[in-house]
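# Architecture at a glance
Take a look at the letters that make up each chain.
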Amino acid sequence: MADAHSVVPASVLRNLSDKLYEKRKNAALEVEGIVKQLAALGDHEKISAVISLLTTEYTYSPQANHRKGGLIGLAAATVGLTSEASQHLEQIVPPVLNSFSDQDSRVRYYACEALYNIAKVVRGDFIMFFNQIFDALCKLSADSAANVQSAAHLLDRLVKDIVTESDQFSIEEFIPLLRERMNVLNPYVRQFLVGWITVLDSVPDIDMLGFLPDFLDGLFNMLSDSSHEIRQQADSALSEFLQEIKNSPSVDYGRMAEILVQRAASPDEFTRLTAMTWINEFVKLGGDQLVPYYADILGAILPCMSDKEEKIRGFARETNEELRSVKGEPEEAFNVGAILSIARRQLDSEWEATRIEALHWISTLLDRHRSEVLCFLNDIFDTLLKALADSSDEVVLLVLDIHACIAQDPQHFSQLVVFLVQNFRIDHSLLERRGALIIRRLCDLLDAERVYRELSSILEGEADLEFASIMVQALNLILLTSSELSEIRKLLKQSLANAAGKDLFVALYASWSHSPMAIISLCLLAQMYPHASAVIQSLVEEDINVKFLVQLDKLIRLLETPIFAYLRLQLLEPGRYVWLLKALYGLLMLLPQQSAAFKILQTRLKTVPSYSFNGDQLKHALSGNPYFHHGAPQISEDGNKNLNNGNVQNDINFTSWLEQFEQIQRQHHLLAKSQAQSRNNSLLKDGPKAEEPLQLPTSNTNRAVSRSSKRGPG
């Protein structure tokens, strides 16, 4: 230290700490000259002593003016050393870097100026301190003092120039430093970072693209910055990288895909749009690399298909089609289970377009990987069933398409119908709102007779009698009105002459017995008019309630539709169809005279011609039981004596059927009495209430039946 004092005059050292800048500057020039002379003599020991003096007594001094003088002195010493400065950099640069965090803004400013002058002298040798300098500049870019920021910007530009022309810069050592700072929110720091990313990417010898996954998320984070300039800079950098990806033969798509998937769900619209743009390009370019990430990508695409921004929706649709066109195989890391899980999750989306596309994916997977999908059936089946209650008809129809595809296997068919009935039982509103649509669609996609046989088999043993009655009434209305069930209606019309028709009639009979009106409708459809009349005659007081009259009202109106045209034409020959006439008159007698249905049926019966009646036929018909005639030969509906000629009717035990119907109805009556007793007990506890008169809701029923009638003929 004594050597340094002997080399540098006391007046110079005194002026170096003066409060006036000019004196400090002149002192620095003196230091520069002294160091230059020592360098010429090769006396680096004394040069090191001078630098040490400037460091310990000045840059680390508690006096601000001393620190300022020390900084300008170190810069002057570096200038004096010129080409030999590199061997003293480890002594010169650290105290300058330390001054960047000084509490005095003027000291920080002089630190920037000093390092700038040092960098101009040493150029490439400066790179050894790059990470420390970058860290310091990053902090100074957000400095509270404007003059310090300005000085830092000048230094930053010089450092960038040095790095771009240097072959000693290590991108591998720099990237961790960059990655640590990419999520900083300060706008000045963000501008600083984007600037460095852009500059380094422009250097041909530096492969920034290879390290893009390390800072890609940070760039996307900047797209939602409140500063338009930062958003623009980040977008420009990302656009440049995307172009490089398109032109690059080797890219790590996988790591970046994970980032993009997260950013596609950003609340910021511009970020979502940029993410979807990238994902769209990745799916086109990535090929086999992206197969393991298809599920994640699909999870990002599906919500975006319902985005409020049309551009985002467009990219999502395009990417989705591109993704679907890829014929991935499970052995190629194509994860069917993961994709199914994503599609199932999106079925709960509030957006219809997303739910629809999720169903399209399940359908696509069923077509291509049926066995794998069926392995995961338990994971998605309940969700698919819940989707039958969706508010969108298109969604419900797609769900039914999938169910029908699954139900091609017998065990899955039975499982579907059982689950369907269970859901109708749990949620009666589902049956009311979606029942007709669901049943009709299943009948269209699967064999209608098979569907109805399965439903009938389940309902035959249904413990919930009230639900069984409601369900049967719904199925019966669909049977009588839907175009999808026209073949079943044709088959049932041939029940008396066709074994297949009779077998179907028998299969439906037990479950249809849960509803008197359903069984009467079935008999009329199957042209089993004597049995229809017998069922009507067997009705007791408990059967004639409001629900029954509403159902009867619907049937009377359906008799006027094209589906029952054959029945109305049969009335032209009352002599041949006596039991039909008697059944219709029986229904007429059950209707209140003031109801619209009574007037409709009465008007129709008045048109029946009387010229075709045969006295004996009428006598037999009106004598009571249609099955027993005290030894007389039975008379079929066509008016001919039954000569046991092998007609299917001979194999039908109508009496047994009637007993079965009456037995099931007795169970319903007991249930009704039990429920009435419970209500009465409740009324006794709560106090008496005025009893409302029993009325047939004619106007509402008329409208309901009218709608059904319009749907029925198709």
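Quick caveat: nothing in here was measured; it's all calculated off a predicted structure. (Residues numbered from 1 in each chain as written. Predicted model: local features only at pLDDT ≥ 70, side-chain atom pairs only at ≥ 80, totals over all residues. Heavy atoms only, no water.)

### As for the overall build of the chain
Looking only at helices and strands, one finds 37 helices and zero strands in the chain. Within the chain, the fraction of its 714 residues that count as buried is 52%. In the chain, once contacts between residues fewer than 6 apart in sequence are set aside, the share between residues at least 24 apart is 73%. Of the accessible surface of the chain, which amounts to about 32,900 Å², a share of 48% is contributed by carbon and sulfur atoms. (Helix = DSSP H or I, 4+ residues; strand = E, 2+ residues; numbered from the N terminus. Buried < 20%, exposed > 50% of the residue type's maximum accessible area, 1.4 Å probe, protein only. Contact = heavy atoms within 4.5 Å. Areas by Shrake-Rupley, 256 points an atom, 1.4 Å probe, with all protein chains shown as cover.)

### Section: the pattern of salt bridges
Applying the stated criterion across every chain yields a total of 34 salt bridges. Aspartate 390 is the salt-bridge partner of arginine 355, the closest N and O atoms lying 2.8 Å from each other. One end of the pair, arginine 355, is in helix H19 (residues 352-368); the other, aspartate 390, is in the loop between helix H21 (377-386) and helix H22 (393-406), and 35 residues separate them in sequence. Overall, the relative accessible area of 12% leaves aspartate 390 in the buried class. (Salt bridge = Lys/Arg side-chain N within 4 Å of Asp/Glu carboxyl O.)

### Some remarks on the packing of aromatic side chains
The final tally for this structure, using the stated rule, is 23 aromatic pairs. With a centroid separation of 5.6 Å and an interplanar angle of 75 degrees, the aromatic rings of tyrosine 109 and tyrosine 110 are classed as edge-to-face. Aromatic pair phenylalanine 654 and tryptophan 657: ring centres 5.7 Å apart, planes at 75 degrees, arrangement edge-to-face. With phenylalanine 654 and tryptophan 657 both in helix H36 (residues 654-686) and three residues apart, this pair spans about one turn of that helix. (Phe/Tyr/Trp six-rings, centres within 6.5 Å; stacked < 30°, edge-to-face > 60°.)

### Some remarks on the UniProt feature "repeat: HEAT" (unreviewed entry) in the chain
Here, UniProt's "repeat: HEAT" (unreviewed entry) annotation points to residues 92-128. As annotated, residues 92-128 comprises 68% helix and 0% strand, and the C-alpha atoms at either end are separated by 13 Å. (UniProt positions renumbered as here; feature names shortened; annotations may be inferred.)

### Here we look at helix H30 (residues 529-538)
Counting buried residues along H30, nine of its ten residues qualify, which places the element largely inside the surrounding structure. Those residues of H30 lying buried are Tyr529, Pro530, His531, Ala532, Ser533, Ala534, Val535, Ile536 and Ser538.

### Some words on the nonpolar core
Trp278 and Tyr452 are the most contacted members of the largest nonpolar core, which totals 241 residues. Apart from the residues within four sequence positions on either side, tryptophan 278 is in contact with Leu212, Leu216, Phe220, Leu238, Phe241, Leu242, Ile245 and Leu260. (Core = buried A, V, L, I, M, F, W, Y, C linked by side-chain atoms within 4.5 Å.)

### So, the packing of helix H5 (residues 64-81) against helix H6 (residues 89-98)
Remark: H5 packs on H6, axes separated minimally by 10 Å, with the N-to-C direction vectors making an angle of 150 degrees. Judged on the interaxial angle alone, H6 and H5 are roughly antiparallel. Regarding H5 and H6, the two cross each other, and that crossing is left-handed. Judged by residue contacts, Leu71, Leu74, Thr78 and Leu81 of H5 engage Ile92, Pro95 and Val96 from H6. Of the residues in the contact of H5 with H6, the class split is six nonpolar, one polar and no charged. (Axes fitted to C-alpha atoms, helices over the stretch in contact; angles between N-to-C directions. Parallel < 35°, antiparallel > 145°, perpendicular 65-115°, else oblique. Left-handed = near helix turned anticlockwise from the far one by under 90°. Nonpolar A, V, L, I, M, F, W, Y, C, P; charged D, E, K, R; others polar.)

### Some points on the packing of H30 against helix H33 (residues 578-590)
For any two helices packed against each other, the geometry is given by the interaxial angle and the distance between the axes. Closest axis-to-axis distance for the H30/H33 pair is 8 Å, and the angle between their directions is 25 degrees. By the angle class used here, H30 and H33 are roughly parallel. Note that H30 runs across H33; the crossing there is left-handed. Side by side, H30 and H33 meet where Tyr529, Pro530, Ala532, Ser533, Ile536 and Gln537 of the first sit next to Trp579, Leu580, Lys582, Ala583, Gly586, Leu587 and Leu590 of the second.

### A short note on unusual backbone geometry
Even without glycine at this site, threonine 82 takes up a positive phi of about 50 degrees. Within the secondary structure, threonine 82 is located in the loop between H5 and H6. Residue classification places threonine 82 among the partly exposed positions, given a relative accessible area of 43%. For glutamine 527, which is not glycine, the phi dihedral falls at a positive 60 degrees. Tracing the sequence through the fold places glutamine 527 in the loop between helix H29 (516-525) and H30. What makes glutamine 527 buried here is its relative accessible area of 18%.

### Some details on helix H17 (residues 310-325)
With 16 residues, H17 ought to run about 22 Å at 1.5 Å a step, and its terminal C-alpha atoms sit 23 Å apart, in line with that. Residues Ile312, Ala316, Thr319, Asn320, Leu323 and Arg324 constitute the buried set of H17. Across the axial projection of H17, the buried residues extend over an arc of 130 degrees, all falling on one side. Looking at the buried residues of H17, the elements they touch are helix H15 (269-286), helix H16 (294-304) and H19. If you check the start of H17, you find a side-chain oxygen 3.3 Å away from the backbone N of lysine 311, and it comes from glutamate 309. (Expected span 1.5 Å × (residues − 1). Arc of directions from axis to C-beta. Polar contact = N/O pair within 3.5 Å; in protein donor to acceptor, adjacent residues only side chain to side chain.)

### A word on the side chain of threonine 271
The residue threonine 271 is located in helix H15 in this model. Look at threonine 271 and you get buried, because its relative accessible area is 1%.

### Some thoughts on the confidence of the model for the chain
Overall, the predicted model of the chain reaches an average pLDDT of 86, with 89% of residues at or above 70. Taken element by element, the predicted model of the chain shows its lowest mean pLDDT in helix H37 (residues 698-711) (38) and its highest in H29 (95). Across residues 628-647, where pLDDT falls below 50, the model places 30 contacts with residues more than four positions away in sequence or in other chains. Below pLDDT 50 for its whole length, residues 690-714 participates in 33 contacts with residues either more than four positions away or in separate chains. (pLDDT = per-residue confidence, 0-100.)

### What about the environment of isoleucine 197?
Looking at the element boundaries, isoleucine 197 is found in helix H11 (residues 187-201). If we skip the residues at most four places from it in the chain, isoleucine 197 touches Leu178, Met182, Met208, Phe215, Leu219 and Phe241.

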